[in-house]
Amino acid sequence: MINQNMIISGSFGLDHLELVGREAPEPGHGEVLVRVEAVSLNRRDVLLAQGVYNPKQKLPIVPCSDGAGTIAALGPGCTRFSIGDRVVIHMFPGWLAGEPDRDKLATGLGGPGGDGTLRQLMVIREDSVVALPQSISIEAAATLPCAALTAWSAIVENGNTRAGDSVLIQGTGGVSLFALQFAKMCGAHVVATTSSAAKAERLKALGADAVVNYRTEHNWASMARDLAGGRIDLIVDVGGAETLDAGLRVIRPGGTIALVGVLSGAKAEINLPLALMRQVRLQGVTCGPRESLEAMLRAIALHGIDPVIDSRFPLAEARNAFVRMAESAHVGKIIVLPH
Ligand SMILES: NC(=O)c1ccc[n+]([C@@H]2O[C@H](COP(=O)([O-])OP(=O)(O)OC[C@H]3O[C@@H](n4cnc5c(N)ncnc54)[C@H](OP(=O)(O)O)[C@@H]3O)[C@@H](O)[C@H]2O)c1
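All values reported here derive from a predicted model rather than from experimental measurement. (Residues numbered from 1 in each chain as written. Predicted model: local features only at pLDDT ≥ 70, side-chain atom pairs only at ≥ 80, totals over all residues.)

Neighbouring the ligand are 32 residues; Gly 171, Gly 173, Ser 195, Gly 239 and Gly 261 lie closest to it. Those elements that provide at least two residues to the shell around the ligand are α1 (43-50), α4 (144-157), α5 (174-185) and β9 (189-194). Grouping the constituent residues of the shell around the ligand by class yields eleven nonpolar, 17 polar and four charged. Two domains share the shell around the ligand, each providing at least three of its residues, namely domain 1 (2-144 + 289-337) and domain 2 (159-284). (Near = placed C-beta within 6 Å. Helix = DSSP H or I, 4+ residues; strand = E, 2+ residues; numbered from the N terminus. Nonpolar A, V, L, I, M, F, W, Y, C, P; charged D, E, K, R; others polar. Domains from an automatic or database assignment.)

A few words on helix α11 (residues 318-326). Among the residues of α11, those classed as buried are Ala 318, Ala 321, Phe 322 and Met 325. In a view along the axis of α11, the buried residues occupy a sector of 100°, so they form one face of it. Remark: Ser 328 follows α11 within two positions and exhibits a positive phi of approximately 50°. (Buried ≥ 20, exposed ≤ 12 C-beta atoms within 10 Å, placed from the backbone. Arc of directions from axis to C-beta.)

Here strand β4 (residues 66-74) runs beside strand β5 (residues 86-89); their pairing, made up of three bridges, is antiparallel. Directly across from Ala 68, in β5, lies its bridge partner Val 88. Direction of pairing for β5 relative to strand β7 (residues 129-131): antiparallel, over a ladder of three bridges. Among the inter-strand pairings, Val 88 is bridged to a residue of β7, identified as Val 130. (Pairing = 2+ DSSP bridges.)

As a further point, take the packing of α1 against α11. Running from N to C, α1 and α11 point in directions that differ by 105°, and their axes come no closer than 10 Å. Classified by the interaxial angle, the pair formed by α1 and α11 is roughly perpendicular. Within the contact between the two elements, α1 uses Arg 43, Val 46 and Ala 49 and α11 uses Phe 322, Met 325 and Ala 326. (Axes fitted to C-alpha atoms, helices over the stretch in contact; angles between N-to-C directions. Parallel < 35°, antiparallel > 145°, perpendicular 65-115°, else oblique. Contact = placed C-beta atoms within 7 Å.)

Before going further, it helps to spend a moment on the sheet that holds strand β12 (residues 251-259). Taken in spatial order, the six strands make up an open sheet running β10-β9-β8-β11-β12-β13, and their pairing is parallel. Only two strands of the sheet have a single partner each, and these edge strands are β10 (210-213) and β13 (281-284). Pairwise comparison of adjacent strand axes, ignoring direction, gives a mean angle of 20° for this sheet. Looking at chain direction, β12 and β13 are connected through four bridges and run parallel. Looking at the pairing, Leu 259 lines up with Gly 284 of β13. In this fold α5 packs onto β8 (166-170), β9 and β11 (232-237), with an angle of close to 165° to the strand it touches most, β8. Of the strands in this sheet, β8, β9, β10 and β11 are in contact with helix α7 (residues 220-227), which crosses β10 at around 170°.

Let us look at the nonpolar core. Ranked by internal contacts, the top residues of the largest apolar core, which has 98 residues, are Val 34, Ala 151, Ile 155, Ala 179 and Val 236. Counting contributing residues, this core receives three or more from each of domain 1 (2-144 + 289-337) and domain 2 (159-284). (Core = buried A, V, L, I, M, F, W, Y, C linked by C-beta atoms within 7 Å.)

Considered domain by domain, the chain is made up of domain 1 (2-144 + 289-337) and domain 2 (159-284). Summarising the inter-unit geometry, the C-alpha centres of domain 1 and domain 2 are found 28 Å apart. Counting residues at the interface gives nine residues for domain 1 and nine residues for domain 2. In terms of residue class, the side of domain 1 that touches domain 2 is made up of four nonpolar, three polar and two charged.

The next point concerns the pairing of β9. The buried fraction of β9 is high, at six of six residues. The sheet contact formed by β8 and β9 spans five bridges and is parallel. Counted as the bridge partner of Ser 166 is His 189 from β9. For the crossover from β8 across α5 to β9, the handedness is right-handed. Bridge count between β9 and β10: four bridges; the pairing is parallel. Counterpart to Ala 192 in the pairing with β10 is Val 211. Read as a crossover between parallel neighbours, the route from β9 over helix α6 (residues 197-205) to β10 is right-handed. (Right-handed = clockwise from strand over helix to strand, strands pointing away.)

The complete set of buried residues in α7 reads Trp 220, Ala 221, Ala 224 and Arg 225. Buried residues of α7, seen end-on, are gathered within an arc of 140° and therefore sit on one face of the element. Tucked into the core, α7 has its buried residues touching β8, β9, β10, β11 and α8 (244-250).

See below:
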């Protein structure tokens with residue numbers, strides 16, 4: 001069976017994304033073969049291909065952490081699935097439950113854990129895939145493992161968002177739109193930032209209660225606080241260098257900043273007393289364990305949450321998908337269809 005893989009070949013750069021045919025892998029004991037039917041991109045995948053995420057990453061590697069599909073074969077000893085079952089692949093195959101540790105985090109697909117999901121067939125431990133509820137399509141499921149689970153951890157599991165809280169989200173990327181959807185699910189008031197008027201309209205259509213342009217409005221953070229009625233309980237920070245200090249100035253005393261991303265730079269100058277004198281919680285967030293993926297799938301099915309899909313590309317054109325994300329032309333999730 002031909003198994004097409006998109007790889008980052010000998011060196012970094014989006015021009016080095018290359019389609020190669022490989023032998024179809026065979027599942028060993030406790031493993032399943034997944035026919036990968038949809039993959040979604042995350043910013044991390046673009047940064048990995050550009051050599052920014054981990055300049056020491058060994059190449060070649062199949063990028064991407066997110067995928068969903070059907071069970072195509074079972075290795076000896078598999079008991080949880082049948083051929084044809086619809087499944088989503090967990091981004092950290094070794095992080096099944098509880099708090100993260102170094103070993104669990106070293107299993108991230110399309111990164112420290114080795115080859116990722118941007119291929120037609122993939123062997124993985126059966127305990128690292130999760131069966132899909134009937135109402136969640138394979139394409140929707142492929143958007144969930146990294147961005148949605150990170151947003152879920154930020155809003156629900158770490159953020160403990162309650163009805164009536166005010167949440168600030170930043171931009172229209174994958175994590176932020178899931179954060180918007182989960183915050184609304186919890187009954188929160190959501191203020192969003194974006195850099196364009198057209199994207200502001202999309203945010204309002206998706207349920208944002210108020211939107212501020214962070215490029216044209218120098219005081220975007222205090223404007224966001226005003227729009228939130230003077231109180232922001234939780235900020236999902238994806239900006240990093242350009243946004244963290246501004247967020248610290250407007251979060252309420254005792255509020256939480258979920259540190260998720262570093263889109264504008266990884267080193268931030270922040271005014272520390274704003275955190276310690278006001279008992280602000282700075283909570284780093286890294287995706288989540290399989291048990292949280294399962295809880296999130298139940299909530300998504302129960303609340304009928306539809307991931308925002310920006311665009312779809314065939315596997316042979318995956319490079320164009322990476323370019324679209326690199327240019328931040330997207331709103332929501334970019335999908336690659338391997339078959
Ligand atoms: N900790 C984790 O486990 C985890 C998991 C997933 C992602 N992340 C990180 O979270 C960040 C977002 O990831 P993603 O996949 O959602 O990315 P994405 O889809 O590429 O989102 C990019 C969007 O963020 C907005 N943005 C860019 N710079 C900004 C800034 N300075 N201030 C405010 N908004 C800004 C822009 O929105 P507009 O175009 O609307 O302005 C841009 O389109 C990345 O840094 C990623 O590495 C971390």
